[in-house]
Amino acid sequence: MTTPITIDVTAAPYSADNTGVSNATQAFIDASAALCAAGGGTLLIPPGTYTVGRQVRATQSNQGYAYLGEDIITLSGCSHPVVIEGTGATLTLANGLKFGSFDWSTGTAYTPASLPFTDANYAASVGRMLVVKDNPGHVVVRGLELNGNASALSLGGQWGSSGYDLAADGIVVENADQVALERIYSHHHGHDGLAAYDVTASANSPRAPLSLLLCRSEYNARAALFWQGGNGLQAVDCKFSHSGRATFATAPAVGVMIKGVARNGHFLNSEMLNNVGEGVLASSTAADIKVERCSLVGTTAAPFAVSAARVHFVDSTLAGQSSVVRAGVSQADGDATRFSGCWLTDLHKYNNQVFISTGGNLLNWGAGSLGVQMDRCSVEVATGVLGQTNGAISASNCRFRQTSSGASAIVANFHGDTIFDTSGSNDLSTSLILGRMLFNSAEQLQYDQMQRRLRFYANTGSGGRMQSVGYCYSATAFASAFGGGTKGDIVYNTAPTPGGYLGWVCTVTGTPGTWKPFGLIAS
């Protein structure tokens, strides 16, 4: 039976130097090991500056590294709650650690002939400052500043696909469950400022909460926050900015990178500004991400690129040209990206910079925009044009404003009240207006071409989708005219005969879909 303990890392027998003069790596390794052996407790890191970080050099070939960095604080297997209290404390990586590709035998930098280069025997890593892994008990880390000191690294050649894809991280959480990071400032690391991994996660994994409160992760080489797998990450009042803006960058140099089977992420009142790459980058394997009341400003790349299913931007500022959203397979697909109450613009800038070229498309979504939903959004451009959405988005009660000249190509199903003001042009002939639109102050009416139909935004009980009701001599001809049928669509027969049918209803979505007759007409 273990008993939680309290350890002061500056007290004997650990005696960590908080003046920054002596390297305190061993003191932190020993103190965290003792805490884990006790099953948990409190690790006190008094105010001050602690120099940390050391490496082991390979003594022969094929050891799997050239220089191996040691992790500083490791919390693993703690069955009792753990608290790391570090208010006023700064851990700073020691000067001169090797990072990148090195020849183990000579200790000199090695330049690969080509990339990617992943020979582990040339790898020089510096390790991770704090690792939280597989703890049954709750873990809280608060108040720490973690300085990766990237400018003082001794850089070798690149290692990985691009840049320096090796361990040089602030905090790494593996298999998180009930982990809270509060008031953390993690900056200038050679890799990620904050990272969370659960590579065993599946779509059915239970929630394992990881919360970030008032955290800042800035000027890191690869990502401010890297999240690969897991269910239930929440970040409140955080800053994930300036990735790749320090001494060097490692692709993708983003604010927040979401990969693997990551589910139920919520970013609230947070910033993703001025990263070399995107503010939020979410892969197609992730899902159910909400970005609420956040500010994303792209200066050299898009503010976001989201292939993940069911990403919802709410009441957020999204500045800069974007090109990647999740499209639906039809207007009825609920997996497509959603925007509610957002401002999408090139007017909002960081240090007078925003990512868009003169005349470029703000919403550069093209055919990959089918089913994307915008509700109560404002889209405003001055340098570029509004965009191209020839996949047909759904826009409800939105405003579009372009003060620059040039043609945009917003194709949409417009619902509710729409205001569209442009100093250029935008062809509406392939759009559908359901409700009222003022286009440059003139009210617009829009009718379907070919076979006449009506379209409605229907409540399915688990979301919404576009539903069609039309008139045609056959269901397949109707479906061919409008690109297929959606379950629930109805076509009334324009050539009824005695003994025939009043019309057809679509029972299976597809092209043309499955249609069944209804309403037998008396002979």
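Everything quoted here is computed from the prediction, not taken from an experiment.

**Some points on the overall build of the protein chain**
Regarding its fold elements, the protein chain presents two helices and 50 strands. Dimensions along the principal axes, computed over C-alpha positions, put the protein chain at roughly 100 × 55 × 45 Å. Within the span of the protein chain, comprising 523 residues, buried residues form 52% of the whole. Counting only contacts in the protein chain whose residues sit at least 6 apart along the sequence, the fraction spanning at least 24 positions is 61%.

**Section: the environment of Glu278**
Structurally, Glu278 can be placed in the loop between strand S26 (271–273) and strand S27 (280–282). Leaving out residues up to four positions away in the same chain, Glu278 has contacts with Val254, Gly255, Ala301, Ala302, Pro303, Phe304 and Ala305.

**Things to note about the packing of aromatic side chains**
Two measures describe an aromatic ring pair: the distance that separates the ring centres and the angle between the ring planes. In total, this model carries 22 aromatic pairs according to the counting rule given. In this structure an aromatic cluster arises from ring pairing among Phe304, Phe313, Phe339 and Trp365. Lying over the aromatic face of Phe226, Arg222 brings its terminal NZ or CZ to 4.2 Å of the ring centre.

**Focus on the state of the cysteines**
Here, disulfide denotes a covalent bond that connects the sulfur atoms of two cysteines. Applying the stated criterion to the full structure yields zero disulfides. Of all cysteine sulfurs in the structure, the one in Cys238 sits closest to Cys294, which takes part in no disulfide; the separation is 9.2 Å. Look at Cys294 and you get buried, because its relative accessible area is 3%. Free of any disulfide, Cys342 has its nearest cysteine sulfur in Cys377, 4.9 Å distant. Judged by relative accessible area, Cys342 falls into the buried class, the value being 2%.

**What to know about the nonpolar core**
Core analysis: the biggest nonpolar cluster contains 108 residues, and Ile45, Leu91, Leu212, Phe240, Phe267, Phe339 and Leu344 have the highest contact counts within it. Looking at which element gives the most residues to this core, the answer is helix H1 (residues 25–37), with five residues. Excluding anything up to four places from it in sequence, Leu91 contacts Phe28, Ile45, Tyr50, Val52, Ile72, Ile73, Met129, Leu144, Glu145, Leu146 and Asn147. By size, the runner-up hydrophobic cluster in this structure holds 10 residues, among which are Cys472, Ala477, Ala479 and Trp515.

**Side note on unusual backbone geometry**
Residues other than glycine predominantly adopt negative phi, and peptide bonds predominantly adopt the trans conformation. Residue Pro13 is reached from Ala12 by a cis peptide bond, and omega for that bond is 5 degrees. Examined against the element boundaries, Pro13 turns out to sit in the loop between strand S1 (5–8) and strand S2 (19–23). A cis amide bond, omega 5 degrees, links Leu115 with the succeeding residue Pro116. Here Pro116 is to be found in the loop between strand S10 (98–101) and strand S11 (123–124). With phi around 50 degrees, Asn351 is a residue other than glycine that occupies positive phi space. By relative accessible area, Asn351 is classed as exposed at 61%.

**A closer look at the pattern of salt bridges**
All told, the structure shown has 17 salt bridges when counted by the stated rule. A salt bridge links Glu182 to Arg142, with the shortest nitrogen-to-oxygen separation between them at 3.4 Å. With Glu182 in strand S17 (residues 179–182) and Arg142 in strand S13 (residues 139–142), this pair connects stretches of sequence that are 40 residues apart. Linking Asp375 and Arg376 is a salt bridge whose minimum nitrogen-to-oxygen distance equals 3.2 Å. Among the residues examined, Arg376 registers a relative accessible area of 46% and is labelled partly exposed.

**Considering the side chain of Gln402**
As for its position among the elements, Gln402 is in strand S40 (residues 399–402). Here Leu386 takes part through its backbone nitrogen, which lies 3.1 Å from a polar atom of the side chain of Gln402. A polar atom in the side chain of Gln402 sits 2.9 Å from the backbone oxygen of Ser404.

**What to know about the pairing of strand S50 (residues 514–520)**
The sheet contact formed by strand S49 (residues 501–508) and S50 spans six bridges and is antiparallel. Across the sheet, the residue bridging to Cys506 is Trp515, located in S50. Remark: five residues form the turn of the hairpin made by S49 and S50, two consecutive strands paired antiparallel; Gly513 in that turn has positive phi of roughly 90 degrees.

What counts and what doesn't
- Each chain carries its own residue numbering, running from 1 in the direction its sequence is written.
- Restriction of local features to residues with pLDDT of at least 70 applies here, the model being predicted, together with a cutoff of 80 or more for giving and counting side-chain atom pairs; totals for whole chains, interfaces and linings are based on all residues.
- Values shown for side chains rest on all heavy atoms present in the structure; no hydrogens or waters enter the calculation.
- Each helix is a run of H or I in the DSSP string that is no shorter than four residues. Each strand is a run of E no shorter than two, and both are numbered from the N terminus.
- Burial classification: accessible surface area is computed with a 1.4 Å probe over protein chains only, and a residue below 20% of its type maximum counts as buried, one above 50% as exposed, and the rest as partly exposed.
- Every residue pair with non-hydrogen atoms within 4.5 Å of one another is taken to be in contact.
- Between 30 and 60 degrees the pair is tilted, below 30 it is stacked and above 60 it is edge-to-face, where a pair is any two Phe, Tyr or Trp rings, Trp via its six-membered ring, whose centres lie within 6.5 Å.
- Any Lys NZ or Arg CZ that is within 6 Å of a ring centre and within 35 degrees of that ring's normal is treated as a charge sitting over the ring.
- Defined by distance alone, a disulfide is two cysteine sulfur atoms within 2.5 Å.
- The term nonpolar core refers to a set of buried residues drawn from Ala, Val, Leu, Ile, Met, Phe, Trp, Tyr and Cys, joined through side-chain atoms within 4.5 Å.
- Criterion for a salt bridge: a side-chain nitrogen of Lys or Arg within 4 Å of a carboxyl oxygen of Asp or Glu.
- Under the rule applied, a polar contact is a pair of N or O atoms within 3.5 Å (in protein, one hydrogen donor and one hydrogen acceptor; residues adjacent in sequence only if both atoms are side-chain atoms).
- Whether two strands pair depends on DSSP finding at least two bridges between them.

Honestly, it's all geometry; don't read function into it.
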